[in-house]
Amino acid sequence: MLTSEKCLKLPELTISLDHSEGDLCFVSHAHSDHAAPLHSRKPVLASEETIAIAGSKKQPHSHIGCRLIDAGHMLGAKQLVAEYDGGVFAYTGDLRLEAGLTSPPAKIPQADTVLIEGTYGSPEWKFPNRELVFLQIEKWVSQNRGSNLIFGAYEVGKAQEIVAFLNKYCSIVPLVTPRMDKICSIYEKFGVKLGRVNIESLEGQEMLSHGFVALLPHNRVNFSLASTMKSAYGRDAKTALVTGWALREQFPVDRAFPLSDHVDFEGIVQYLRESGAKRAVCTHGEEGVIAEHLRRAGFDAVALFELGQARQLTLLSSEMGEKAQAPAL
Ligand SMILES: [Zn+2]
């Protein structure tokens, strides 16, 4: 049984999903809002990549009837697929259906019940094709060769994807922060080659006095940083962010590119259709809003926090599903 505490209760034990309350803890990927069990005393179900990126020394466990499959999102990201009550349950964690430069695409399992993430879970979130965004960034880099360029990105996952992009599309070896550099080294241990220079190394300091492309944490990159860089290095400086939120939000940078490592609403619908799920439970983001949109699209969907009222909502959702059939997505 799936509980509103984000646990899968099996007869023999409880598996918690991206938190530390269960007898066994599934960790979908290494981002800090998911990886707490790796720093607890609990046994974990997680990929070797996730354990390494999170800086843990744990040995991964396994459990009969449970398997981990690719989730896209970042290196090592997995979904949990578990057999229970004669059916199949899948928990996606953060999910990306398209292949990245540093991680494979998500697999879509056959499942009866899916607990699905919905960071961007309403129909107005529609990401452009990844390749198109890469070409936009390549063009921007090429047009600004005379300036120092500073990209803002999360240091774990997104930064490594941008390093791979700069290597492959622009033949650029960027400067990165020590933390980004450390995570890049772990990616390389798992076979993902990433050309970059630690900004604090001697080579990095040397590169600063010439033209450079650098990656810094996203919350430090803005017009004020560009102005400081311009004074410090006597060269024009331009800033960019790479985030899904760029589709709808304004940021104090020269360009914001909508490259996301999450599914958009259409991706969630595609996943649910192809998985054959009879029921979708939504988590992450505005769970209630996502569930409502999915019911309008004809799915039997509830938010995780609504699970206690599931019977009532199932009745409501099947009525809404019938009404929504004609204008479905
Ligand atoms: Zn994540």
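Nothing here was measured: the structure is a model prediction, and the numbers come from that model.

This part is about the confidence of the model for the chain. The predicted structure's coordinates, where accompanied by low pLDDT, should not be read in detail. Per-residue pLDDT for the chain averages 91, and the proportion of residues at 70 or more is 94%. For the stretch residues 310–329, pLDDT sits under 50, and the model shows 22 contacts to residues farther than four places along the chain or on other chains.

Attention now moves to the packing of helix 2 (residues 130–143) against helix 3 (residues 158–170). For the pair helix 2 and helix 3, the least separation of the axes is 11 Å and the interaxial angle reads 70°. Of the possible angle classes, the one that applies to helix 2 and helix 3 is roughly perpendicular. Contacts between helix 2 and helix 3 involve Phe134, Ile137, Glu138 and Val141 from the former and Phe165, Tyr169 and Cys170 from the latter. Split into classes, the residues belonging to the contact of helix 2 with helix 3 amount to six nonpolar, no polar and one charged.

So, about the pairing of strand 7 (residues 78–84). With five of seven residues buried, strand 7 lies mostly within the body of the structure. Note that strand 6 (residues 66–70) and strand 7 share five bridges and pair antiparallel. Across the sheet, Arg67 pairs through a bridge with Val81, a residue of strand 7. Across five bridges, strand 7 lies against strand 8 (residues 87–91) in antiparallel orientation. Bridge pairing in strand 8 places Ala82 opposite Phe89.

So, on to the environment of Gly157. Structurally, the position occupied by Gly157 is in the loop between strand 10 (148–153) and helix 3. Classification of Gly157 by C-beta neighbours within 10 Å gives buried; the count is 25. The spacing of Gly157 and Met180 is 23 residues in sequence and 8.9 Å in space, taken between C-alpha atoms. With residues near it in sequence (within four places) discarded, Gly157 still touches His31, Met74 and Asp261.

Another aspect to go through is the environment of Asp70. Residue placement: Asp70 occurs in strand 6. The class of Asp70 is partly exposed, set by 18 C-beta atoms lying within 10 Å. Along the primary structure Asp70 and Thr92 are separated by 22 residues, whereas in three dimensions their C-alpha atoms are 9.1 Å apart. When sequence neighbours within four positions are dropped, the list of residues in contact with Asp70 reads Lys78, Pro104, Pro105, Ala106 and Lys107.

When we look at burial in helix 8 (residues 287–296), the residues that qualify are Glu287, Ile290, Ala291, His293, Leu294 and Arg295. Just downstream of helix 8, Gly298 is the residue with a positive phi angle, here 100°.

Okay, the nonpolar core next. Core analysis: the biggest nonpolar cluster contains 96 residues, and Leu80, Ile150, Ile162, Val163, Leu215, Ala280 and Cys282 have the highest contact counts within it. In terms of residue count, the dominant contributor to this core is helix 3 (six residues). Three or more residues apiece are contributed to this core by two domains, here domain 1 (2–124 + 262–324) and domain 2 (130–257). If we ignore the near neighbours within four places in the chain, the residues touching Ala280 are Val114, Ile116, Leu272, Leu294, Phe299, Asp300 and Ala301.

If you trace the five strands from one edge of the open sheet to the other, you get 1-2-3-4-5, paired in mixed fashion. Bordering the open sheet on either side are strand 1 (2–3) and strand 5 (44–45), each of which pairs with just one other strand. Pairing between strand 1 and strand 2 (residues 7–9): two bridges, direction antiparallel. Looking at strand 2, one finds that Leu2 is bridged to Leu8.

Even without being glycine, Asp18 reaches a positive phi, approximately 65°. Summarising the element assignment, Asp18 is placed in the loop between strand 3 (14–17) and strand 4 (24–26). Owing to 24 C-beta atoms within 10 Å, Asp18 belongs among the buried residues under this scheme. At Ser171, a residue that is not glycine, the phi angle is positive and equals roughly 50°.

In this section: the domain arrangement of the chain. Per the domain assignment, the segments of the chain are domain 1 (2–124 + 262–324) and domain 2 (130–257). Centre-to-centre separation of domain 1 and domain 2, based on C-alpha positions: 31 Å. Contacts between the two partners involve 13 residues from domain 1 and, on the opposite side, 15 residues from domain 2. Split by residue class, the side of domain 1 that touches domain 2 holds seven nonpolar, four polar and two charged.

All right, on to the sheet that holds strand 6 then. Spatial strand order, 6-7-8-9-16-17: six strands in an open sheet with mixed pairing. Of all strands in the sheet, those bounded by a partner on one side alone are strand 6 and strand 17 (301–303). Sheet twist, expressed as the average angle between the axes of neighbouring strands with direction ignored, equals 20°. Here helix 8 sits on the sheet and contacts strand 16 (279–283) and strand 17; the angle it forms with strand 17, its principal contact strand, is near 170°.

The next point concerns the packing of helix 3 against helix 4 (residues 178–189). Closest axis-to-axis distance for the helix 3/helix 4 pair is 10 Å, and the angle between their directions is 75°. With respect to each other, helix 3 and helix 4 are oriented roughly perpendicular. Counted together, Ala159, Gln160 and Val163 of helix 3 and Met180, Ile183, Cys184 and Tyr187 of helix 4 form the full contact between these two elements. For the contact of helix 3 with helix 4, the per-class residue count stands at six nonpolar, one polar and no charged.

The rules behind these values
- Residue positions are given per chain, counted from 1 along the sequence in the order it is written.
- Residues qualify for local features only when their pLDDT is at least 70, as the model is predicted, and side-chain atom pairs are given and counted only at 80 or more; totals for whole chains, interfaces and linings, by contrast, use all residues.
- The score called pLDDT rates the predictor's confidence residue by residue, from a low of 0 to a high of 100.
- What counts as a contact is two residues whose backbone-derived C-beta atoms lie within 7 Å of each other.
- Orientation is described by axes fitted as lines to C-alpha atoms, over the contacting stretch for helices, and by angles from 0 to 180 degrees between their N-to-C directions.
- Helix and strand definitions here come from DSSP, where helices need a minimum of 4 consecutive H or I residues and strands a minimum of 2 consecutive E residues; each element is numbered from the N-terminal end.
- An angle below 35 degrees is read as roughly parallel, one above 145 as roughly antiparallel, one from 65 to 115 as roughly perpendicular, and any other as oblique.
- Residues are sorted three ways: Asp, Glu, Lys and Arg are charged, Ala, Val, Leu, Ile, Met, Phe, Trp, Tyr, Cys and Pro are nonpolar, and all the rest, Gly among them, are polar.
- Exposure in this text rests on C-beta crowding, where 20 or more other C-beta atoms within 10 Å of a residue's own make it buried, 12 or fewer make it exposed, and counts in between make it partly exposed. The C-beta atoms are placed from the backbone.
- Two strands qualify as a pair provided DSSP detects at least 2 bridges between them.
- Think of a nonpolar core as buried Ala, Val, Leu, Ile, Met, Phe, Trp, Tyr and Cys residues chained together by C-beta atoms that fall within 7 Å.
- Each domain's limits were defined by an automated method or a database of domain assignments.

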